Amino acid sequence: MQYEGQVRIPSGCAISGMFLRDGRKVNGEPIIRSIATMHDRSNGLGGGFAAYGIYPKQKDLYAFHVFYNSERAKDECERMIRANFDISIAERIPTRRIPQITDEPLIWRYFGLPFRKLLEDRRLDEREFVARFVMKVNTEVRGAYVFSSGKNMGVFKAVGFPEDVGRFYRLDEYEGYGWTAHGRYPTNTPGWWGGAHPFALLDYSVVHNGEISSYDTNRRFIGMYGYSCTLLTDTEVITYILDYLHRRNRLSLKETADVIAAPFWSEIAAMPEDRRRYYTYLRNVFPSLLITGPFSILVGFSGGMMALNDRLKLRSMVVGEKGSAVYVASEECAIRAVEPELDRLWSPRGGEPVIVTLNKGVRA
Amino acid sequence: MGINYNVPEYEVVRDPQRCIACRVCERQCANEVHSYDPKTGKMKSDESKCVNCHRCVALCPTHALKIVKNNDTYRINAQWSNEAIGEIYRQAETGGMLLSSMGNPKPYPIYWDKMLLNASQVTNPSIDPLREPMETKTFLGKKPDHIERDSEGHIRTDNLPPQLKLEVPILFSAMSYGAISYNAHECLARAARALGTYYNTGEGGLHEDFYKYGPNTIVQVASGRFGVHKGYLEAGAAIEIKIGQGAKPGIGGHLPGAKIVGDISRTRMIPEGSDAISPAPHHDIYSIEDLRQLVYSLKEATEYKKPVIVKIAAVHNVAAIASGIARSGADIIAIDGFRSGTGAAPTRIRDNVGIPIELALAAVDSRLRQEKIRNNVSLIAGGSIRNSADVVKAIALGADAVYIGTAALLALGCHLCRTCQTGKCNWGIATQRPDLVKRLNPDIGTKRLINLVSAWKHEIMEMMGGMGINSIEALRGNRLMLRGVGLNDRELKILGIKHAGE
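Quick caveat: nothing in here was measured; it's all calculated off a predicted structure.

(A) Region of interest: the overall build of chain B. What chain B contains, in helices and strands, is 15 helices and 21 strands. Rg of the C-alpha trace for chain B: 24 Å, near the compact-globule value of 23 Å for 502 residues, within the 12% margin. Referenced to the eigenvectors of the C-alpha coordinate spread, the extents of chain B come out at roughly 90 × 60 × 45 Å. Out of the 502 residues belonging to chain B, those deemed buried represent 50%. Partitioning the intrachain contacts of chain B with sequence separation of at least 6 by distance along the chain shows that 68% fall at a separation of at least 24.

Shown next as structure tokens:
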């Protein structure tokens, strides 16, 4: 049988996210409760979480979470890490042995910064250096897979139901201001843990529900810019598109959303002149980054979260607000499970991004 | 029967019970196949002149005529077919090159028919184009490699290199005034305008009556430079440098002096009766760096307001050539496959030179991506696009749009008799004889072209919707939507697709 990465596996899914604009931190328990409510939307073949603000003591260091299939892979990868990064902590990620989660790989994390000298020699900014490093490990080191690489954030994922994955990783022991969660319903067994979501690069993490029909167009385009899709999943390609547009091309998140879920030409034709020019320009310049087919995604990043639906809204997604807390989920029940009394609940239109960030002055 | 008698390929079968000797067939046939015998009061036929254009069959009021393959045969021989033998006889008689028209008719593989499209089931909904927007609009041209912002931080939208906007990813390919008639050009120009796409002047210049269709015209600059002047370059929406043509890669063209009359002479800017000979190469382009100079000369002449297309025939090394062109300043590359049509070409060249467009297109698209320059240019594929499924497959392989030539002529009435070189087109398309030209009614021809492309557009939308794709741009290069059937590993690798069942 082929592992994920050798074969493309479509998935259905549940997603949930919560974000506290006032910077308050909560542990992983509420997000587990939320995603567990949508148990039937996943089939036990993948679950995961992204958490922001969880490593305050190492907040200025990159936190790499890595799966290893073997000691050999670990040795090889660690050699590469130590050759490029000044590592202050290297440790196993703490887990809780539970019967629902089996066949775990070696799961390690490292905190560190790239050597200054290397950055200067290669004339790369720090984030570009780290992104390239992650891409290199994931394509070149067999049996090693970096699944989280941001600062003061972390991804935790596994094959299993999301609520079990959350318990396995002891998420009740972490506190963050932003959480996203994913329950996966792949149509084929992924074979290994790397295929679970969220998918992350630097501090961007994506959880996604849907199957995008533009996949190969997007993949082949983004492949030109050094992003090689090793997992063949939609989520991976979406993450790279976000990185390419938002970080490399410096588009704002709203502008990024306007590229990947662009309005229809018929809508653009009815807009005032300046809007029409703007959208026509973006569609003309980035036609191969338009994403078609159903998707609802939650993008986590340092200090914020974005929710976005495909332009036809072919996947359900609702947003709820209570005070400074914002909740997004595939189903309303997943929000009510953690916050029964909401100030506001709405269903964003297709292609309309909902972007929330920490309030002014709040430091993560 | 002379000793040079060549057995006619086709036989005219006339049903005597139906024929009323109205002589319509006689009047319609410019090849003078039919004649009336006043002695018997019956129609006769000289089949040696018949090209099987079906004009008489289509117009016979009593449906008394049919043209059938002649059963007469030389002794059957798998190596020496009737055709092979007949060609030897013709060349032994004349000492000349064999000439043919339209595309390569030989049974080479048709890769379009060995690729199948995908559709959504369960995991992803198909989209109904009757209920939801389904976008076929696209832009051709170089894309900027970075975003610029104005002083207020807004994205600047005025820094875009010139683009061609297509409402549907189908353009009419180059066919010159001279090779085809005034009326045929008028049909193409008017249809292009109505459809929101473009037609292409070919190498014959632009007739003064058609300057008004300039916004939907691609003006061609070929090796003979016929009809090229500043006003001509400025009239079009884009300029195409024709390096090669799929039907006859590596050779030039020859429009006989007999056809250089009246408006054609004026439009081509050459004296009446002189042969219009296009050299095989451009004599100012002997290498890729020369091409760059011509590209920029044309851009200078038109103040960088028009995209420049470079059209090449699909030949063995097409990917490397395209890669060179993509760095030459060209905005668009048009690749013409070995099955593309022509008004006249040496038969041996037409039938034996060049490679299939499907393989060429896939190789070029892959190469440009490997070299990270796919965004420098758009790709137009042409040379054998027969229907909307071919269009969808071409785009999924990596084309931005397609050129259609033969299909457009068929819509105008062409019956693919492949004898355009005689200038006696009974359908008024590939001829300059006024009595024949007037048979092509520009109003009806325009309407038929619009019908054809509109019908294809509907079919493209249905196929896209089935795949869950609602913008043609999300189909471009989307090779996962294709699967091969009956292809070997090497073919699949070149096409960059999987086999059905994988």
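(B) View of the overall build of chain A. Helix and strand counts for chain A stand at eleven helices and 18 strands. Taken over the C-alpha trace, chain A has a radius of gyration of 19 Å; the compact-globule value for 364 residues is 21 Å, and the two agree within 12%. Considering only C-alpha atoms, chain A reaches an extent of 60 × 50 × 50 Å along its principal axes. A buried classification covers 54% of the 364 residues belonging to chain A. Once local pairs closer than 6 in sequence are excluded, the contacts in chain A between residues at least 24 apart make up 76%.

(C) Up close: the domain arrangement of chain B. Residues and elements named next belong to chain B. With domains assigned, chain B is organised as domain 1 (10-96) and domain 2 (128-499). Of note, the centres of domain 1 and domain 2, computed from C-alpha atoms alone, are 35 Å apart. The interface of domain 1 with domain 2 comprises nine residues on the first partner and seven residues on the second.

(D) Here's a closer look at the packing of helix 11 (residues 388-397) of chain B against helix 14 (residues 442-466) of chain B. All names here are of chain B. It is at 9 Å that the axes of helix 11 and helix 14 come closest, and there the two elements cross at 55 degrees. When the axis of helix 11 is compared with that of helix 14, the two are oblique. Regarding helix 11 and helix 14, the two cross each other, and that crossing is right-handed. Residues Ser388, Val391 and Val392 of helix 11 form the contact with helix 14, whose participating residues are Trp456, Glu459, Ile460 and Met463.

(E) The arrangement of the sheet that holds strand 11 (residues 199-201) of chain A in detail. Residues and elements named next belong to chain A. The strand order across the open sheet formed by five strands is 11-12-13-14-18, and the pairing between neighbours is antiparallel. Looking at strand neighbours, the two that pair on one side only are strand 11 and strand 18 (354-357), the edges of this open sheet. This sheet shows a mean twist of 15 degrees between the axes of neighbouring strands, independent of strand direction. In the packing of helix 7 (residues 234-248) onto the sheet, contacts are made with strand 11, strand 12 (204-210) and strand 13 (295-301), and the angle to strand 12 comes to roughly 135 degrees.

(F) Summary view of the interface of chain A and chain B. Contact residues are listed per partner, giving 32 residues for chain A and 33 residues for chain B. Here the element with the most residues in the side of chain A that touches chain B is helix 10 (residues 273-285) of chain A; it accounts for five residues. Looking at the side of chain A that touches chain B residue by residue, the class counts come to 14 nonpolar, twelve polar and six charged.

(G) Up close: helix 8 (residues 318-326) of chain B. All names here are of chain B. Within helix 8, seven of the nine residues are buried, leaving the element largely enclosed by the surrounding structure. By the burial criterion, the buried members of helix 8 are Val318, Ala319, Ile321, Ala322, Ser323, Ile325 and Ala326. The inward-facing, buried residues of helix 8 abut helix 7 (288-301), strand 15 (308-313), strand 16 (332-336) and helix 10 (357-370).

(H) Summary view of the environment of Ile31 of chain A. All names here are of chain A. Along the chain, Ile31 turns up in helix 1 (residues 29-37). What makes Ile31 buried here is the crowd of 28 C-beta atoms within 10 Å. Setting aside residues up to four positions removed in sequence, Ile31 forms contacts with Ser16, Met18, Phe49, Trp179 and Ala181.

(I) Inspection of the pairing of strand 12 of chain A at higher detail. All names here are of chain A. With seven of its seven residues buried, strand 12 lies for the most part within the structure. Inspection of the sheet shows strand 11 paired to strand 12 by three bridges, in the antiparallel sense. From the neighbouring strand, Leu201 faces strand 12, where its bridge partner is Tyr204. Between strand 11 and strand 12, which pair antiparallel and follow one another directly, the connecting turn spans two residues, one of which, Leu202, has a positive phi of 50 degrees. Relative to strand 13, strand 12 is paired through six bridges, and the arrangement is antiparallel. Bridge pairing in strand 13 places Val206 opposite Val299.

(J) Representation of the confidence of the model for chain B in the model. Confidence in the prediction for chain B averages 95 pLDDT; 99% of positions are at 70 or higher. Model confidence for the complex is summarised by a pTM of 0.93, with the ipTM given as 0.91.

(K) Just the sheet that holds strand 21 (residues 498-499) of chain B, in detail. Residue and element names in this part refer to chain B. Strand order in the open sheet formed by three strands is 6-20-21, with mixed pairing between adjacent strands. Each edge of the sheet is formed by a strand with only one pairing partner; in this case those strands are strand 6 (115-117) and strand 21. Alignment of strand 20 (residues 482-484) against strand 21, held across two bridges, turns out to be parallel. Each residue of the ladder has a partner; that of Arg483, found in strand 21, is Lys498.

Analysis parameters
- Residues numbered from 1 in each chain as written.
- Chains lettered and ligands numbered in written order.
- Predicted model: local features only at pLDDT ≥ 70, side-chain atom pairs only at ≥ 80, totals over all residues.
- Helix = DSSP H or I, 4+ residues; strand = E, 2+ residues; numbered from the N terminus.
- Rg over C-alpha atoms; globule rule 2.2 N^0.38 Å.
- Buried ≥ 20, exposed ≤ 12 C-beta atoms within 10 Å, placed from the backbone.
- Contact = placed C-beta atoms within 7 Å.
- Domains from an automatic or database assignment.
- Axes fitted to C-alpha atoms, helices over the stretch in contact; angles between N-to-C directions.
- Parallel < 35°, antiparallel > 145°, perpendicular 65-115°, else oblique.
- Left-handed = near helix turned anticlockwise from the far one by under 90°.
- Pairing = 2+ DSSP bridges.
- Nonpolar A, V, L, I, M, F, W, Y, C, P; charged D, E, K, R; others polar.
- pLDDT = per-residue confidence, 0-100.

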